[in-house]
Amino acid sequence: MHKVGFLGISGIDNTMNEGLAYGSQIMINGDSGIGKSVLAAQFVKEGLDCQDTCIYVCCDEPPAATRDTLRHYGLHPVPYEERGRLVFIDAYSLEPEGKYYFPADDPLEKFLALESRVINTVNGEHIRLIADSLSTLLIGRDSQEILDFHRYRLKLRKKCRILTMDLIVDEVIEDTTFQVSSHLYDVIIKLYYTGSPDRPVRALHVGKLRSGKFDSSQLFYTIDSNIGIVVIPNLWG
Ligand SMILES: Nc1ncnc2c1ncn2[C@@H]1O[C@H](COP(=O)(O)OP(=O)(O)OP(=O)(O)O)[C@@H](O)[C@H]1O
Ligand SMILES: [Mg+2]
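Residues numbered from 1 in each chain as written. Chains lettered and ligands numbered in written order. Predicted model: local features only at pLDDT ≥ 70, side-chain atom pairs only at ≥ 80, totals over all residues. Heavy atoms only, no water.

Q: Kindly report on the overall build of the protein chain, identifying the contributing residues and their values.
A: Within the protein chain, the regular secondary structure consists of 8 helices and 11 strands. Against the globule reference of 18 Å for 237 residues, the protein chain gives a C-alpha radius of gyration of 17 Å, in line with a compact fold. Along the longest, intermediate and shortest principal axes, the C-alpha atoms of the protein chain span 50 × 40 × 40 Å. Considering the protein chain as a whole, with its 237 residues, one finds that 48% of them fall into the buried category. A separation threshold of at least 6 residues defines the contact pool for the protein chain, and within that pool the share at least 24 residues apart is 68%. (Helix = DSSP H or I, 4+ residues; strand = E, 2+ residues; numbered from the N terminus. Rg over C-alpha atoms; globule rule 2.2 N^0.38 Å. Buried < 20%, exposed > 50% of the residue type's maximum accessible area, 1.4 Å probe, protein only. Contact = heavy atoms within 4.5 Å.)

Have a look at this one:
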């Protein structure tokens, strides 16, 4: 039986029945500050706990800031980095700092080549790849280029059975391009605020577009300062 992966957030994992096959592709979408990077940190923690190798592409902040977030949510990244179980690709800094560096306005083919090189370099039977946020890499690029990139990249990653999580900030990508891109993913988790403007509540929705096997109703959540995203149990069942 093939291994399956989980996010590491029980209230969401419960909605996914048998878990995610390696090769699945998850899009996390929502406004700035809603909790995408926190969710990604929990996904990394879960991956490392279950012996996966994690590759984290930092597009919005330097790897040092992501290390801080991981630490904040209970994961000490450096020992994993030393053992090659956690690898950062720096697509943020203006000057190369770490081993893997991508200047954000370089052609997307170069990014694909670097990502593939890192995937081929890391050792590990099961790999998780997180791009935080992929939308930043796509700013200012032509729609056709974005769609071609998405199609080709996700096909490659599926073929290699990589569990991919792409974070997409709302409204960074033009609407039609976003809609078409979103159909390429197996799972979409949308994070948003609901409730009244003076008392906003965080909520999420898990959708699977292809097989339609799961499609959650609205789940409310909080961000616990130690754990990260915690889904609030639905008291009405
Ligand atoms: N390193 C951290 N230390 C303390 N709190 C944090 C940390 N990272 C995130 N948080 C908390 O979690 C909330 C969600 O932040 P998060 O970084 O996940 O948002 P995001 O959706 O990734 O936003 P953006 O699109 O701007 O990157 C923040 O408002 C903050 O309260
Ligand atoms: Mg973020």
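Once the structure has been displayed, the description carries forward.
Q: How would you explain unusual backbone geometry if you had to name every residue and give the values?
A: Put simply, Asp132 and Ser133 share a cis peptide bond, and its omega is -10°. Looking at where Ser133 falls in the secondary structure, it is placed in the loop between β6 (127-132) and α6 (134-138). Its identity is not glycine, yet Gln51 carries a phi of approximately 75°, on the positive side. Relative to the assigned elements, Gln51 resides in the loop between α2 (36-49) and β4 (53-58). For Glu171, which is not a glycine, the phi torsion comes out positive at approximately 65°. Topologically, Glu171 is positioned in the loop between β7 (163-169) and α8 (175-182).

Q: How would you summarise the layout of surface pockets if you had to cite specific residues and measurements?
A: Each pocket or cavity is described by its volume, and for the largest pocket that value is around 340 Å³. In this structure, the largest pocket is lined by 17 residues; those nearest its centre are Glu81, Val87, Phe88, Lys99 and Tyr100. Per element, the largest residue contribution to the lining of the largest pocket is 4 residues, and it comes from strand β5 (residues 86-90). (1 Å grid on protein atoms, 1.4 Å probe; cavity = no way out; pocket = protein on both sides within 12 Å on 5 of 7 lines; lining within 4 Å. Points joined across faces, edges and corners; volume = space filled by probe spheres on them.)

Q: Give me the lowdown on the pattern of salt bridges, citing residues and values where you can.
A: By the definition in use, this model includes 12 salt bridges. Between Asp52 and Lys3 there is a salt bridge; the shortest N-O distance is 2.6 Å. One end of the pair, Asp52, is in the loop between α2 and β4; the other, Lys3, is in the segment before β1 (4-5), with 49 residues separating them in the sequence. Taking relative accessible area as the criterion, Lys3 reaches 26% and is therefore assigned partly exposed. Connected via shared salt-bridge partners are Glu115, Arg153, Arg157 and Asp166. (Salt bridge = Lys/Arg side-chain N within 4 Å of Asp/Glu carboxyl O.)

Q: Let's hear about the environment of Tyr22: which residues, and what values?
A: Here Tyr22 is to be found in the loop between β2 (20-21) and β3 (25-30). Each C-alpha atom of the pair Tyr22 and Lys208 lies 15 Å from the other, and the pair is 186 residues apart in sequence. Other than its neighbours up to four places away in sequence, Tyr22 contacts Lys3, Val4, Gly5, Cys50, Asp52, His126, Ile127, Arg128, Arg161 and Leu163. At 2.5 Å, the side chain of Tyr22 forms a polar contact with the side chain of Asp52. (Polar contact = N/O pair within 3.5 Å; in protein donor to acceptor, adjacent residues only side chain to side chain.)

Q: Could you give an account of the nonpolar core, naming the residues involved and the relevant values?
A: Judged by nonpolar contacts, the single largest core of 38 residues is most densely connected at Leu7, Ile12, Ile26, Val44, Met165 and Ile189. Looking at this core element by element, the count peaks at 7 residues for α2. Residues Cys59, Val118, Ile127 and Leu129 belong to the second largest nonpolar core, which totals 32 residues. (Core = buried A, V, L, I, M, F, W, Y, C linked by side-chain atoms within 4.5 Å.)

Q: Which residues make up the pairing of strand β8 (residues 187-196), and what are the values?
A: Pairing analysis gives 5 bridges linking β3 to β8, with the strands arranged parallel. Within the sheet, the bridge partner assigned to Ile26 lies in β8 and is Val187. Where β8 hands over to strand β9 (residues 199-208), the hairpin turn is made up of 2 residues, counted between the paired strands. (Pairing = 2+ DSSP bridges.)

Q: Describe the environment of Thr222, with residues and values.
A: Within the element layout of this structure, Thr222 appears in strand β10 (residues 219-224). A C-alpha to C-alpha distance of 8.2 Å links Thr222 and Val201, two positions 21 residues apart in sequence.

Q: Please set out the state of the cysteines residue by residue, giving values where relevant.
A: Scanning the entire structure with this criterion turns up 0 disulfides. Not part of a disulfide, Cys54 finds its nearest cysteine sulfur in Cys50, a span of 8.0 Å. Owing to a relative accessible area of 0%, Cys54 belongs among the buried residues under this scheme. A disulfide-free cysteine, Cys58 has its sulfur positioned 7.5 Å from the sulfur of Cys59, the nearest such atom. The buried category is assigned to Cys58, whose relative accessible area is 1%. (Disulfide = S-S within 2.5 Å.)

Taken by themselves, the reported measurements are silent on function.
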